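Structure assessment
Listed below are the residues making up each chain.
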Amino acid sequence: MKPLGILGGGQLARMLVLEAHRLNLPVAVLSPLETDPARDVTGRWVQGDPSKLKDLTAFMKLCSSVTFESEFFDSTLIAKAMKDTKVQVFPDPKIMGLLQDRLSQKNLFDEYDIPTAPWRPVDSSQDALVAYVALDGEAVFKKRRGGYDGYGTFVVRDDGALGSFANSGVKGSFIAEKWIKFKREIAIIAVRDQAGAVFFYPFVESHQKNSRCLWVKGPLRETRAFTEMKKKIAKFLTGLQYVGAMGIEMFETSQGLIVNEIAPRVHNTGHYTMDAFSLSQFSLHLRAVAGLRTQGFAIPRAKSFAMWNLLGSEKSHRGAGRLTPWLAKPAVGEKSSSEATVHWYGKADSRPGRKLGHVNAQAKTPDIALKLAKSVAAQTVKDIGY
Ligand SMILES: Nc1ncnc2c1ncn2[C@@H]1O[C@H](COP(=O)(O)OP(=O)(O)OP(=O)(O)O)[C@@H](O)[C@H]1O
Ligand SMILES: [Mg+2]
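Here goes a summary of the coordinates provided. (Residues numbered from 1 in each chain as written. Chains lettered and ligands numbered in written order. Predicted model: local features only at pLDDT ≥ 70, side-chain atom pairs only at ≥ 80, totals over all residues. Heavy atoms only, no water.)

1. Details of the sheet that holds strand 1 (residues 4-7)
The 5 strands are arranged 3-2-1-4-5 in an open sheet whose pairing can be described as parallel. This sheet does not close on itself; its edge strands, each paired only once, are strand 3 (44-47) and strand 5 (88-89). In this sheet, strand 2 (residues 27-31) lies alongside strand 1 in parallel orientation, the contact comprising 4 bridges. Across the sheet, the residue bridging to Gly 5 is Ala 28, located in strand 2. Sitting on the sheet, helix 1 (residues 11-23) is in contact with strand 1 and strand 2, with an inclination near 165 degrees to strand 2. In this fold helix 10 (residues 281-289) packs onto strand 1 and strand 4 (65-68), with an angle of close to 145 degrees to the strand it touches most, strand 4. (Pairing = 2+ DSSP bridges. Helix = DSSP H or I, 4+ residues; strand = E, 2+ residues; numbered from the N terminus. Contact = heavy atoms within 4.5 Å. Axes fitted to C-alpha atoms, helices over the stretch in contact; angles between N-to-C directions.)

Following this line, the structure appears as structure tokens:
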């Protein structure tokens, strides 16, 4: 059987590969560097650049179907390689193309009646000023392409901040979005399979520090607004004929739910599923891409759960993620119904804020799980000294 191919070799690819082994699904990875986290765990690792047509085509010829860990590859090239090799890519590269540009992503939200923050396109300092005024002097400027973990995002809530943003020269294309006074940020993972079934993991609360996910806890009690949102998302996935996992980030406001952004892939806010569900987001994504059924497999293993990201501290370290294999063992909490597990990504180097791993915890309530995940994360960081 030809392997299922994964474009990219970061931690998301690594966790997909580890799950593929458990499912007995052969996999191959295309990524550029020997130090890429997925390389260590992939027998069929192919060195190459998913942004080069030659590498893509050669790799895809080896595969039964293909998926990706990042939406920032060149979607036109992937579509071309798909046509040339007749190997299917899921989710469709056309969807990747629409979502990787925040402007077309916003237009898609409008098309599917998905509530989102009011916004304006910005291509010059003049546009920035007009948008700032139109958005009542509270705006977030976001690069249209390539932004992640807060890179390419600028909050502008007074004239001074507008001045520094506009004076730095508006390089490239942005959208300006209204700054939202949210009660909390929430997220959900949806998975649609090739037969058209849509599965949702529960809604979770996610907390960002410096625009980067720090922790997640859940499940949240599902209100009417949450159920309505799921209906809209299911319609959206069906309309796009989407196949695979999708991460949806939202703001909960006093006026209801607003979608912040979506990612056409497995997502950081879904890492808790590795321990809190019988099948994780990685499993269901692979099953969907491989044409297998996804319904009825992911069953909760715990009442509540939490996830705490292990982020690189101020100091940079070489070889950081590889120093501590002995810590990748389960850590059991004081309460017998609680437990935590450390997951490392095997990153060659640590940099400030870089995602090096995460801790998953399960317990009776989301708050107990979060407390445990936090303390195991703190202990882990102390043990390894960074
Ligand atoms: N319109 C807004 N109003 C208030 N806060 C916002 C707004 N947009 C973004 N933020 C804050 O900034 C964080 C990062 O923004 P966003 O998710 O759009 O960017 P990103 O850099 O692409 O992040 P990611 O790594 O999730 O892709 C959000 O999680 C939220 O905390
Ligand atoms: Mg985000």
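2. Describing the site of ligand 1
Taken together, 20 residues surround ligand 1, and among them Lys 142, Asp 149, Gly 150, Glu 185 and Glu 261 come closest. Protein burial of ligand 1: of its 610 Å² of free accessible surface, 89% is covered by the chains. Where the shell around ligand 1 is concerned, the elements lending two or more residues are strand 7 (139-143), strand 9 (174-178), strand 14 (244-253) and strand 15 (256-263). Tallied by class, the residues present in the shell around ligand 1 amount to 6 nonpolar, 6 polar and 8 charged. (Near = heavy atom within 4 Å. Areas by Shrake-Rupley, 256 points an atom, 1.4 Å probe, with all protein chains shown as cover. Nonpolar A, V, L, I, M, F, W, Y, C, P; charged D, E, K, R; others polar.)

3. Some points on the coordination of the magnesium ion (ligand 2)
Those protein atoms acting as donors to the magnesium ion (ligand 2) are Glu 249 (OE), Glu 249 (OE) and Glu 261 (OE), and they sit at 2.0 to 2.8 Å. Of this pair, Glu 249 sits in strand 14 while Glu 261 sits in strand 15; the two residues are 12 residues apart in sequence, bridging distant segments of the chain. (Donors = N, O, S within 2.8 Å, 3.2 Å for Na, K, Ca; no water.)

4. Comments concerning unusual backbone geometry
Residue Pro 91 is bonded to the preceding Phe 90 through a cis peptide linkage, with omega at -10 degrees. One can find Pro 91 in the loop between strand 5 and helix 4 (93-99). The amide bond that connects Gly 218 to the next residue, Pro 219, takes the cis arrangement and shows omega of 0 degrees. Among the structural elements, Pro 219 can be located in the loop between strand 13 (212-218) and helix 8 (224-240).

5. Comments concerning the nonpolar core
Of all hydrophobic cores here, the largest spans 40 residues; its most connected members are Ile 6, Tyr 201 and Tyr 272. Of all the elements in the fold, those that place two or more residues in this core are strand 1, helix 1, strand 2, strand 10 (184-192), strand 13, helix 9 (273-276), helix 10 and strand 16 (304-311). Of all the elements, helix 1 adds the most residues to this core, at 6 residues. Counting residues in hydrophobic clusters, the runner-up holds 25 residues, among them Leu 237, Leu 240, Ile 248 and Met 250. (Core = buried A, V, L, I, M, F, W, Y, C linked by side-chain atoms within 4.5 Å. Buried < 20%, exposed > 50% of the residue type's maximum accessible area, 1.4 Å probe, protein only.)

6. A look at the pattern of salt bridges
In the structure shown here, the tally under the stated rule is 17 salt bridges. Put simply, Asp 101 and Arg 144 hold a salt bridge, and the shortest N to O gap is 2.7 Å. With a gap of 43 residues between them, Asp 101 in the loop between helix 4 and helix 5 (102-111) and Arg 144 in the loop between strand 7 and strand 8 (153-156) connect regions that are remote in the sequence. Taking the relative accessible area as the measure of exposure, Asp 101 reaches 6% and is therefore buried. For Asp 136, the salt bridge identified is with Lys 178, shortest N-O distance 3.4 Å. (Salt bridge = Lys/Arg side-chain N within 4 Å of Asp/Glu carboxyl O.)

7. Description of the packing of aromatic side chains
The tally for this structure, following the rule as stated, stands at 12 aromatic pairs. Each ring, one from Phe 141 and one from Phe 165, has its centre 4.3 Å from the other, and the planes form 25 degrees; the classification is stacked. Pair noted here: Phe 141 is in strand 7 and Phe 165 is in helix 7 (residues 159-167), with a separation of 24 residues, a long-range link. Assigned by exposure class, Phe 141 and Phe 165 land together as buried. These aromatic residues form a ring-pair network of at least three members: Phe 199, Tyr 201, Tyr 272, Phe 277 and Phe 305. Stacked on the ring of Trp 179, the Lys or Arg Arg 157 has its end atom at 3.5 Å from the ring centre. Arg 287 extends its terminal NZ or CZ atom over the ring of Phe 297, reaching a point 4.2 Å from the ring centre. (Phe/Tyr/Trp six-rings, centres within 6.5 Å; stacked < 30°, edge-to-face > 60°. Lys NZ or Arg CZ within 6 Å of the ring centre and 35° of its normal.)

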